[in-house]
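Examination of the molecular architecture
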Amino acid sequence: MKFKKTMLVALSLLVLLTLSINFALAAEKKPLVAFSQSTMNHPWRVTLTNDMQYWAEKMNLDFIWADGNNDAANQLADCEDLIAKKPDVLIITPLQAKALTPVVDLCNKAGVPLIVIDRYIDAEPGNGMYKSFIGEDQVAEGRACAEFLVQKLHEKFGEDRGNIIELQGTIGAGPTIDRHKGFVEVIDKYPNIKIIASQSADFLRENAIKIAEDWMQTFPKGKIDAVYTHNDEMALGVLQVIKSIGRDEIKYIVSIDGQRQALKAVLDGDFLFDAANPPYFGETSIKAAVKLINGEELPLYLNVPFNVYHIQTPEAKKSTEEYYNYLIANDLMY
């Protein structure tokens, strides 16, 4: 009898211990945020991924991510794999708008809240589990580049005229569509300012170098007055070509991103203007994910403002110098 009582007490203690361990494990389980990155072939993308991971750790979340390897079908498959791991929130920066739109249906079926950042998809937030879009007004960035360029061309010629070459980003990507749209909206108002060549370089410096080399042969000296690129990597590639073959008559390069090397080019007078599109979406995106996890509502659109950098006024030069020195002091590329 005494043995049975001892066994019952021991079993009871074992059950209590097991329950305590299970409760402790449950209490320690962190929310899981999954992130689908479009590609890691560009320093902007690498910085974005690192920033996302940093803020997930800072907010005490588990974090998993996948690299789409610059392939839309591959990125969509990544999203399926990430959703299968049952994250509390999926965050995606899509390679292409149309090709990645099916992620909304995937999240709706799985009941996983979706946040889209930086590049949009062909769906509106508020559609089922698609909760919010976080990004910049990239049409406005394109307009800003065009307006500044038009002003400088007028100063050069005393009238509104000039020839522009344009290097676009990834075909079908939201920033490519919007940065081209905003730029053309302004340029089309001036019949004698023409975009004489426009081609995708996929946001990559090496592609931009090859295209620029071809264009420099197609358009001899005096035929190109300005360059517009959808990001700084491409602009830096064009600048490399201009310097290597002595086409220094092409003095006006306008670009987007706010990369440290590009800001140095602005300060050196090699770039005319740069609209900053920094990749630091981590804080805004991860904090938005935490709100969803806590049952809070998000605005359908969260706008991230952008800055512009040039040296055409003392105030602008000072601002550009300060930001460039900040990047140097903190060893940041953007």
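Quantities reported herein were computed from a predicted structural model and do not represent experimental measurements. Starting afresh in each chain, residues are numbered from 1 along the sequence in its written order. Only residues with pLDDT of at least 70 are given local features in this predicted model, and only at 80 or more are side-chain atom pairs given and counted; all residues enter the totals for whole chains, interfaces and linings. Each side-chain value is worked out from all heavy atoms of the structure, with water and hydrogens disregarded.

1. Digging into the overall build of the protein
Going by this rule: Numbering goes from the N terminus for both helices and strands, where a helix is a DSSP run of H or I of at least four residues and a strand is a run of E of at least two. Taken over C-alpha atoms, the radius of gyration is set against a globule rule of 2.2 Å times the number of residues to the power 0.38. Using a 1.4 Å probe on the protein chains alone, a residue whose accessible area is under 20% of its type maximum counts as buried, one over 50% counts as exposed, and one in between counts as partly exposed. Here the open area of atoms and residues is found with the Shrake-Rupley method and a 1.4 Å probe, where only the protein chains shown may cover a residue. In this count, Lys and Arg are taken as positive residues and Asp and Glu as negative ones, while His and the chain termini are left out. Charge placement uses NZ in Lys and CZ in Arg. For Asp and Glu, CG and CD serve respectively.
From N to C terminus, the protein includes 11 helices and 12 strands. The C-alpha atoms of the protein give 25 Å as radius of gyration, which overshoots the globular expectation for 334 residues (20 Å, by more than 25%). When its C-alpha atoms are laid out on the principal axes, the protein stretches across 110 × 40 × 35 Å. Taking all 334 residues of the protein together, the buried fraction comes to 49%. Surface exposure of the protein reaches about 16000 Å², of which carbon and sulfur atoms provide 54%. Of the charged side chains in the protein, 34 are positive and 45 negative; the average position of the first set lies 5 Å away from that of the second.

2. Describing the pattern of salt bridges
Convention followed: Here, a salt bridge means any side-chain nitrogen of Lys or Arg that lies within 4 Å of a carboxyl oxygen of Asp or Glu.
All told, the structure shown has 12 salt bridges when counted by the stated rule. With a closest N to O distance of 2.8 Å, glutamate 185 and arginine 143 form a salt bridge. Here the residue glutamate 185 occupies a position in helix α6 (residues 174–187), and arginine 143 occupies one in helix α5 (residues 138–157), the gap between them amounting to 42 residues. When its relative accessible area of 30% is taken as the criterion, arginine 143 is described as partly exposed. Residue arginine 205 is joined to glutamate 233 by a salt bridge in which the shortest nitrogen-to-oxygen separation is 3.0 Å.

3. Some details on the confidence of the model for the protein
Put simply, the test is: The predictor attaches a confidence to each residue, and that confidence, scored 0 to 100, is pLDDT. Note on contacts: a residue pair qualifies if any of its non-hydrogen atoms lie within 4.5 Å across the two residues.
A residue-level look at the protein finds 92% of positions with pLDDT of 70 or above and a mean pLDDT of 93. The low-confidence segment residues 7–27, where pLDDT is below 50, has 0 contacts with residues more than four positions distant or belonging to other chains.

4. Quick notes on the packing of aromatic side chains
Applicable threshold: Note on aromatic pairs: the rings of Phe, Tyr and Trp (six-membered ring only in Trp) are paired at centre separations within 6.5 Å, and the planes decide the class, stacked below 30 degrees, edge-to-face beyond 60, tilted for the rest.
For the coordinates displayed, the defined rule picks out 7 aromatic pairs. Taken together, a centroid distance of 5.1 Å and an interplanar angle of 5° make the contact between tyrosine 309 and tyrosine 323 stacked. Here the residue tyrosine 309 occupies a position in strand β12 (residues 308–309), and tyrosine 323 occupies one in helix α11 (residues 314–329), the gap between them amounting to 14 residues. There is no split in this pair, since tyrosine 309 and tyrosine 323 are both buried. Here the aromatic residues Tyr309, Tyr323 and Tyr326 are joined through ring pairs into a cluster of three or more.

5. Quick word on unusual backbone geometry
The residue asparagine 60 is not glycine, and still its phi comes out positive at about 60°. The exposure class of asparagine 60 is partly exposed, given its relative accessible area of 46%. For aspartate 202, which is not glycine, the phi dihedral falls at a positive 60°.

6. Observations regarding the packing of helix α9 (residues 260–267) against α11
Selection criterion: Note on geometry: axes are C-alpha line fits, over the in-contact stretch for helices, and angles between N-to-C directions span 0 to 180 degrees. Throughout, a crossing is termed right-handed when the near helix is turned clockwise from the far one, and left-handed when it is turned anticlockwise from it by less than a right angle. Throughout this entry, Asp, Glu, Lys and Arg are counted as charged residues, while Ala, Val, Leu, Ile, Met, Phe, Trp, Tyr, Cys and Pro are counted as nonpolar. The remaining residues, Gly among them, count as polar.
Taken N-terminus to C-terminus, the directions of α9 and α11 make an angle of 145°; their axes are 10 Å apart at the nearest point. Crossing handedness for the pair α9 and α11: left-handed. Seen from α9, the contacting residues are Arg260, Leu263, Lys264, Val266 and Leu267; seen from α11, they are Lys317, Thr320, Glu321, Tyr323, Tyr324, Leu327 and Ile328. Its residues assigned to classes, the contact of α9 with α11 shows 7 nonpolar, 1 polar and 4 charged.

7. Examining the pairing of strand β4 (residues 114–117)
For clarity, the threshold we go by: Two strands make a pair as long as DSSP finds a minimum of two bridges between them. Here is how to tell: hold the view so the strands point away, follow the path from the first strand over the helix to the second, and if it runs clockwise the crossover is right-handed.
Burial along β4 is two-sided: Leu114 and Val116 and Ile115 and Ile117, pointing in opposite directions, are all buried. Pairing of strand β3 (residues 89–92) with β4, which is carried by 3 bridges, proceeds in the parallel orientation. The residue bridging isoleucine 92 from the neighbouring strand is valine 116, located in β4. Regarding the hand of the β-α-β motif, the stretch spanning β3, helix α4 (residues 103–110) and β4 is right-handed.

8. Re the environment of asparagine 207
Residue position: asparagine 207 is located in helix α7 (residues 205–218). Given a relative accessible area of 24%, asparagine 207 falls into the partly exposed group. Along the primary structure asparagine 207 and alanine 72 are separated by 135 residues, whereas in three dimensions their C-alpha atoms are 19 Å apart.

9. With respect to the sheet that holds strand β2 (residues 62–67)
Strand order across the open sheet formed by 6 strands is β2-β1-β3-β4-β5-β11, with parallel pairing between neighbours. Taken across any chain shown, the strands that pair with only one partner, and hence form the sheet edges, are β2 and β11 (301–303). Going from strand to strand, the sheet's axes swing by 20° on average, the running direction of each strand aside. Sheet strands touched by helix α10 (residues 282–293): β1 (32–37), β3, β4, β5 (130–135) and β11. Its angle to β3, the strand with the most contacts, is close to 155°.

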